[in-house]
Amino acid sequence: MKNSIFTVTENQNIARGTFRMRLSGDTGEMRPGQFVNIKLDGLYLRRPISVCDAEDGILTIVFKTVGRGTEKLASAEPGEKFDLLTGLGNGYDLSKSGEKPLLIGGGAGVPPLYMLAKKLVEAGKRPFAVLGFNTADEVFFEKEFSDLGCAVTVTTTDGSRGVKGFVTDALPAGYDYFYTCGPEPMLRAVYKAARTSGQFSFEERMGCGFGACMGCSCRTVTGYKRICKDGPVLEKEEILWKD
Amino acid sequence: MERLKVDLCGITLDNPVIPASGTFGYGYEFAELYDINILGTFSFKGTTREPRFGNPTPRIAECTAGMINAVGLQNPGVEKVISEELPRLKKCFGKPVMANVSGFSVEDYAYTCARLDTCPQVGWLEVNVSCPNVHGGGMSFGTDPASAAEVTRAVKAVTAKPVIVKLSPNVTDVVSIAKACEDAGADGISLINTLLGMRIDLKKRRPVIASVMGGFSGPAVFPVALRMVYQVSRAVGVPVVGMGGVSTAEDVIEMMMAGACAVEVGAANLVDPFACKKIIEDLPAAMDRYGIKNLKEITEGAR
Ligand SMILES: Cc1cc2nc3c(=O)[nH]c(=O)nc-3n(C[C@H](O)[C@H](O)[C@H](O)COP(=O)(O)OP(=O)(O)OC[C@H]3O[C@@H](n4cnc5c(N)ncnc54)[C@H](O)[C@@H]3O)c2cc1C
Ligand SMILES: Cc1cc2nc3c(=O)[nH]c(=O)nc-3n(C[C@H](O)[C@H](O)[C@H](O)COP(=O)(O)O)c2cc1C
Ligand code: FES
């Protein structure tokens with residue numbers, strides 16, 4: 001974990017209620033699936049947001065506006081400075097990917113898969129991506145994933161773009177392993193539908209984001225884990241769903 | 001620095017700043033960031049006789065200038081604390097640590113304290129009487145002077161270490177409880193624990209916290225905490241450790257002017273992991289601004 005100041009260089013509305021922000025700062029040691037925790041003026045707790053990309057001192061995050069914190073982020077102008085805790089969480093384990101890993105993202109769960117796809121491609125793998133959204137105007141990153149060289153399928157719940165239905169209605173055959181991030185109902189559906197092993201990224205309300213408060217604990221097959229420190233990524237085999 | 005030194009039940013602290021129980025784990029997360037030996041001491045996560053997972057999640061809710069937590073005393077149990085956490089802590093913390101203890105019966109408290117009494121690393125036992133009394137109808141030990149005194153007596157009987165009883169603010173008369181603990185042999189009083197609170201998620205129309213209610217803390221509770229520290233430190237002769245909403249060096253000084261001899265810092269560590277380090281570094285300049293030569297004199301003057 002590191003604590004440093006980042007400066008907004010760009011903040012763009014890329015889909016309905018969805019923003020891509022670039023910030024310059026110390027991006028050393030940011031891995032796919034890790035997250036940053038952002039201090040915002042007037043709000044007591046920091047806001048956890050996944051690393052979407054990190055390279056050469058530029059951090060990219062993509063977020064959906066759902067409340068006061070993300071609204072504040074959405075209105076930030078270039079030049080604005082934020083206090084970030086970085087290098088949080090375990091991140092995805094790329095060593096298990098096999099040759100043809102499948103990346104399954106839903107809505108605000110798509111961003112962390114971008115840096116993962118990039119690193120997998122750099123390692124010579126050929127990832128597929130299935131990206132799920134509610135409606136066509138919420139779709140983002142279809143082109144970004146294809147530009148990396150991934151085969152991309154988009155799904156929308158109302159069928160206004162791509163395959164009509166959920167991500168689980170469009171899982172391709174022939175993948176070796178999978179990585180997923182998205183809302184919990186989607187993760188549960190993927191857990192049931194997937195035919196291989198894989199890794200899931202979870203969300204939980206956080207007090208600290210760095211393992212000190214036990215605010216984010218969950219039960220797993222291998223014991224209690226803190227989503228913020230021992231997660232957010234858990235292996236399929238260790239997941240114990242709540243209730 | 002001599003002017004920051006204070007005494008807590010016969011042990012000298014290099015400064016009065018103590019991360020509060022539950023907000024500092026067993027220290028390692030912070031030891032990755034800074035040398036935690038700069039702290040006066042710290043109070044480790046509330047430890048119980050048996051391991052506990054705690055409450056279902058969500059356990060955290062944001063509030064204006066504060067937060068609610070309903071962690072529910074997740075901890076590995078006293079045996080693991082002794083066999084794993086304390087040896088690991090030894091590598092990054094060389095000072096006496098404050099052991100925070102919780103229980104659901106008088107015997108639980110006594111058992112856990114007796115076990116921790118055998119640990120040379122433990123300087124003080126901070127006995128949190130805010131837990132529900134499972135044998136006494138579920139009311140917290142700390143809301144009734146007689147049960148708080150009973151826990152105090154039971155713990156004092158099994159340890160030679162200073163016993164600091166940590167009080168809940170969720171009571172009508174905190175002074176009577178503090179006095180009952182002092183009469184039962186408490187070597188010190190610490191307060192306040194969290195205030196019972198709740199939030200509702202407007203979109204879902206249900207409480208944010210899975211277990212509905214939780215403990216409210218953070219800067220918003222500072223005035224309530226300060227008031228209680230003031231009342232208690234005027235009523236008892238033993239040292240008082242003040243906490244609740246402390247986030248700056250000025251807050252530490254204010255707590256000491258209300259009568260505290262040392263000050264714990266809770267939620268602030270979660271939003272700024274360097275909070276205690278900054279407070280300690282800021283103290284000398286803040287003291288200069290208010291003409292304070294050394295911190296000890298504040299508490300002595302206040303009481
Ligand atoms: C590890 C992790 C990575 C994340 N990555 C992204 C991302 O890349 N893009 C994105 O759009 N969102 C992401 N989220 C969700 C994001 O944290 C929430 O949308 C955000 O905290 C909401 O804040 P708010 O003030 O707008 O909403 P409010 O509802 O006003 O927030 C109130 C409180 O609840 C917390 N909270 C609300 N929703 C969530 C949630 N889903 N998860 C955790 N805490 C929540 C807030 O942090 C805050 O403390 C991530 C969450 C986690 C845990
Ligand atoms: C996440 C969290 C966990 C806590 N766990 C404990 C605990 O295990 N034992 C205890 O005595 N107090 C516990 N507390 C209470 C704090 O030690 C402190 O009394 C209270 O939060 C008031 O201080 P603050 O306003 O600075 O947070 C906890 C507080 C928080 C925020
Ligand atoms: S949010 Fe504090 S331990 Fe995970």
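Shown above is the structure to which this text applies.
(A) Molecular detail of the packing of aromatic side chains. The full count for this structure, using the stated rule, is 22 aromatic pairs over all chains. Plain terms: the ring middles of Phe200 of chain A and Phe202 of chain A are 6.5 Å apart, the flat faces sit at 25° to each other, and that makes the pair stacked. Relative accessible area serves as the criterion here: at 0%, Phe200 of chain A is assigned to the buried category. The rings of Tyr114, Phe133, Phe140, Phe141 and Phe145 of chain A are connected pair by pair, giving a single aromatic cluster. One cation-aromatic arrangement involves Arg59 of chain B over Phe53 of chain B; the distance from NZ or CZ to the ring centre is 4.8 Å. Across from the ring centre of Tyr28 of chain B, 3.7 Å away, lies the NZ or CZ of Arg88 of chain B, which sits over that ring.

(B) Fine view of the sheet that holds strand E7 (residues 122-128) of chain B. All names here are of chain B. Taken together, 7 strands build an open sheet; the order of strands is E3-E15-E14-E9-E8-E7-E6 and the sheet is parallel. Of all the strands in the sheet, just strand E3 (17-19) and strand E6 (97-101) have a single pairing partner and so form its edges. Between one strand and the next, the sheet's axes are offset by a mean angle of 25°, whatever the strand orientation. As judged from the 3 bridges shared by strand E9 (residues 188-191) and strand E14 (residues 240-243), these two strands associate in the parallel manner. Residue Leu191 lies in a different strand from E14, and its bridge partner there is Gly242.

(C) Structural detail: a nonpolar patch on the surface. All names here are of chain B. Residues Leu196, Met198, Ile200, Leu202, Val212 and Met213 make up a contiguous nonpolar surface patch of about 600 Å² in total accessible area. When you line up the elements, Met213 lands in the loop between strand E12 (206-207) and strand E13 (214-217). With relative accessibility at 42%, the residue Met213 sits in the partly exposed group.

(D) Seen up close, the site of ligand 1. Near ligand 1 there are 20 residues, and of these Arg47, Pro48, Gly69, Thr70 and Glu203 of chain A occur at the shortest range. Chains contributing residues near ligand 1 are chains A and B. In this structure, an oxygen atom belonging to ligand 1 sits 2.7 Å away from a side-chain N or O atom of Arg47 of chain A. Listed by contribution, the elements that provide at least two residues to the shell around ligand 1 are strand E4 (47-50), strand E6 (58-64) and helix H1 (68-74) of chain A. The element contributing the most residues to the shell around ligand 1 is E4 of chain A, with 4 residues. Residue composition of the shell around ligand 1, by class: 9 nonpolar, 4 polar and 7 charged.

(E) Expanded view of the interface of chain A and chain B. Every contact between the two is made by 28 residues of chain A and, on the other side, 35 residues of chain B. Summing both sides of the interface, chain A and chain B together bury roughly 2,600 Å²; the carbon and sulfur share of this comes to 58%. Its largest share of buried area at the contact with chain B, chain A owes to Tyr44, Arg205 and Met214 of chain A, together 28% of the area lost on that side. Between chain A and chain B we count 4 salt bridges in total. The tally of links from chain A across to chain B stands at 13 residue pairs in polar contact (both at pLDDT 80 or more). Contributing elements (two or more residues each) for the side of chain A that touches chain B: strand E14 (217-220) and strand E15 (223-226) of chain A. With 3 residues, E14 of chain A is the largest single contributor of residues to the side of chain A that touches chain B.

Calculation rules
Residues numbered from 1 in each chain as written. Chains lettered and ligands numbered in written order. Predicted model: local features only at pLDDT ≥ 70, side-chain atom pairs only at ≥ 80, totals over all residues. Heavy atoms only, no water. Phe/Tyr/Trp six-rings, centres within 6.5 Å; stacked < 30°, edge-to-face > 60°. Buried < 20%, exposed > 50% of the residue type's maximum accessible area, 1.4 Å probe, protein only. Lys NZ or Arg CZ within 6 Å of the ring centre and 35° of its normal. Pairing = 2+ DSSP bridges. Helix = DSSP H or I, 4+ residues; strand = E, 2+ residues; numbered from the N terminus. Axes fitted to C-alpha atoms, helices over the stretch in contact; angles between N-to-C directions. Patch = residues over 30% accessible without salt bridge, like charges linked within 9 Å, V, L, I, M, F, W, Y side chains within 5 Å. Areas by Shrake-Rupley, 256 points an atom, 1.4 Å probe, with all protein chains shown as cover. Salt bridge = Lys/Arg side-chain N within 4 Å of Asp/Glu carboxyl O. Near = heavy atom within 4 Å. Polar contact = N/O pair within 3.5 Å; in protein donor to acceptor, adjacent residues only side chain to side chain. Nonpolar A, V, L, I, M, F, W, Y, C, P; charged D, E, K, R; others polar. Contact = heavy atoms within 4.5 Å. Buried area = accessible area lost by both parts, 1.4 Å probe.

By themselves, these figures tell us nothing about what the structure is for.
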